[in-house]
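Here is how the chains run, residue by residue.
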Amino acid sequence: MTDGLPAAYYTSDEQYFGECTAFDGPMWVAVCMADEVASHNDFVVRDVFGRQVVIQNMNGQIKAFLNVCPHRFNRVQTDPSGNRPLVCGYHGWEFGCDGVPCRIPKRPSFDGIDPSKYAMATYEVDVCGKLVFVCRIKAVELREWLGEAWPQVEAMTSACERRIDTNTMRLACNWKIAVENTLESYHVGHIHQDTFHRLGVVGGEMDFQGPHSSWKAPLSEKAAERMLHMNAVLDGRPYKPAGYEHQLVFPSCTIASAAGMSVSVQFFVPSGVSETSFISLVYAVDAGELSEAQSQQHELFNRSVVHFNRRVFVEDAGVCESTHAGAGDAGGGMYSVLSDDEGRVAHHIRCVLGACESLHSRSS
Ligand code: FES
Ligand SMILES: [Fe+2]
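Please read these numbers as outputs of a predicted model, since none were measured by experiment.

**Side note on the coordination of the iron ion (ligand 2)**
Taken together, the protein ligands of the iron ion (ligand 2) are H187 (NE2), H192 (NE2), D316 (OD) and D316 (OD), with distances of 2.1 to 2.6 Å. For the iron ion (ligand 2), the single-chain donor residues occur in sequence as H-x4-H-x123-D. Of this pair, H192 sits in the loop between helix 6 (188-191) and strand 12 (205-209) while D316 sits in helix 8 (residues 292-330), placing them 124 residues apart in sequence. For the pair formed by H192 and D316, the shared burial category is buried.

Okay, here's the thing in structure tokens:
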């Protein structure tokens, strides 16, 4: 049992500001999947702990920049995703893959300007499997940052063959409430009685890899029996765990799969202390050569996975928002308590507070 957490952890501006300062620096943050920026000029825009970053494919290379035009601070990309060059819509400055303006309309009127002094601020980019990470000030390589979580993240995301759903929800709650909700199965019997609970995933084992964590649990006999046929159809899939697997990529990305028959990747993107963008991507896996009948069965299965995931997330969204509302009322005198089943939640809290604390001690 762990206790002693005040509600202000989720609701105070000061705590949120501390997290933004701690995470928008030397930490690698998972921001998108490689297929979201697969072609030249594909881009996505993501908030990364207080600043907006554009992740853009430039001639086959994935680049990331602070989404701010160095001319007069306009957003360079104004849509959440799309396909267009890195051109600011205000006065038309265009940027190359190093972020330096390569075209400045009416350039002589800037009187000998050195474009390299007005480059977009760059972020480091690296990829594990198909998961794309950015980092503003690289202190360690991504492989070191992921440590023992690397093989699992690589295996799960490499199995993501074809995106079959993109589901974005705005949640009126702190990002940590939404992340913590995915880190424990204690709520499953209450919130997901007709959905996730039916997988019969109980018990299982938690594992911790630095700030990251995972949970692996067998499916119930009944659920495994229901999946027997699809299990055989998808026998050639590359990632084949026996049961349910859930991986947290600290601080705010999760990857989940039941027996590797599909994989879902979720990003919890803070947009303020009380607002979170939730992005869920669901992937079909590559099952090798399938007959026409098997392909149809696979498609039906994929559709049911999308439907299932969407139902589960609506159930979770409701409880996350009501927890945030409760935390707002709780005030200074109330403290939460966590069971051993919520060990990954306790670990996440310790690691978030640890990151804020180490920043504090670095700066004092
Ligand atoms: S603000 Fe971007 S071109 Fe002027
Ligand atoms: Fe849930």
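**A word on the side chain of H347**
Relative to the assigned elements, H347 resides in helix 9 (residues 343-363). Under the relative-accessibility criterion, H347 is labelled buried at 13%. When residues no more than four places from it in sequence are discounted, the contact partners of H347 are F208, G210, P211, H212 and S213.

**Let's talk about the pairing of strand 14 (residues 244-249)**
Counting buried positions along strand 14 yields six of six residues, so the element is predominantly enclosed. Of the two faces of strand 14, the one holding Y244, H246 and L248 and the one holding E245, Q247 and V249 are both buried throughout. The pairing of strand 13 (residues 212-217) with strand 14 spans five bridges and is classified as antiparallel. What sits directly across from S214, in strand 14, is Q247. Two elements, strand 14 and strand 15 (residues 253-258), share six bridges in a ladder whose sense is antiparallel. If you follow H246 over to strand 15, its bridge partner there is A256. Here strand 14 folds back onto strand 15, and the loop between the two strands holds three residues.

**Side note on the packing of aromatic side chains**
Counting across every chain of the model gives eleven aromatic pairs. Each ring, one from F23 and one from F49, has its centre 4.8 Å from the other, and the planes form 80°; the classification is edge-to-face. Pair noted here: F23 is in helix 2 (residues 13-23) and F49 is in the loop between strand 3 (42-48) and strand 4 (51-58), with a separation of 26 residues, a long-range link. A relative accessible area of 2% places F49 in the buried class.

**Details of the sheet that holds strand 17 (residues 276-284)**
In any sheet, the strands associate via hydrogen bonds between backbone groups, in a parallel or an antiparallel arrangement. The strand order 11-17-16-15-14-13-12 describes an open sheet built from seven strands, whose pairing is antiparallel. With one partner strand each, in any of the chains shown, strand 11 (162-171) and strand 12 form the two edges of the open sheet. Across the sheet, the mean angle separating the axes of adjacent strands is 15° when strand polarity is ignored. Packing of helix 4 (residues 150-158) onto the sheet brings it into contact with strand 13, strand 14, strand 15 and strand 16 (262-270), and relative to strand 14 it is tilted by some 115°.

**Thoughts on the pairing of strand 15**
Burial of strand 15 is extensive: six of the six residues sit out of reach of the surface. Side chains C253, I255 and S257 of strand 15 all project onto a buried face; the interleaved residues T254, A256 and A258 project onto the opposite face, where all are buried too. Pairing between strand 15 and strand 16: four bridges, direction antiparallel. Within strand 16, the residue paired with A256 across the bridge is S264.

**Looking at the pattern of salt bridges**
Per the counting criterion, the structure on display carries twelve salt bridges. Linking D24 and R136 is a salt bridge whose minimum nitrogen-to-oxygen distance equals 3.1 Å. Separated by 112 residues along the polypeptide, D24 in the loop between helix 2 and strand 2 (29-33) and R136 in the loop between strand 10 (131-135) and helix 3 (142-146) bring together distant segments of the chain. For D24, a relative accessible area of 7% puts it in the buried group.

Definitions and limits used
- Residues numbered from 1 in each chain as written.
- Chains lettered and ligands numbered in written order.
- Predicted model: local features only at pLDDT ≥ 70, side-chain atom pairs only at ≥ 80, totals over all residues.
- Heavy atoms only, no water.
- Donors = N, O, S within 2.8 Å, 3.2 Å for Na, K, Ca; no water.
- Helix = DSSP H or I, 4+ residues; strand = E, 2+ residues; numbered from the N terminus.
- Buried < 20%, exposed > 50% of the residue type's maximum accessible area, 1.4 Å probe, protein only.
- Contact = heavy atoms within 4.5 Å.
- Pairing = 2+ DSSP bridges.
- Phe/Tyr/Trp six-rings, centres within 6.5 Å; stacked < 30°, edge-to-face > 60°.
- Axes fitted to C-alpha atoms, helices over the stretch in contact; angles between N-to-C directions.
- Salt bridge = Lys/Arg side-chain N within 4 Å of Asp/Glu carboxyl O.

Taken by themselves, the reported measurements are silent on function.
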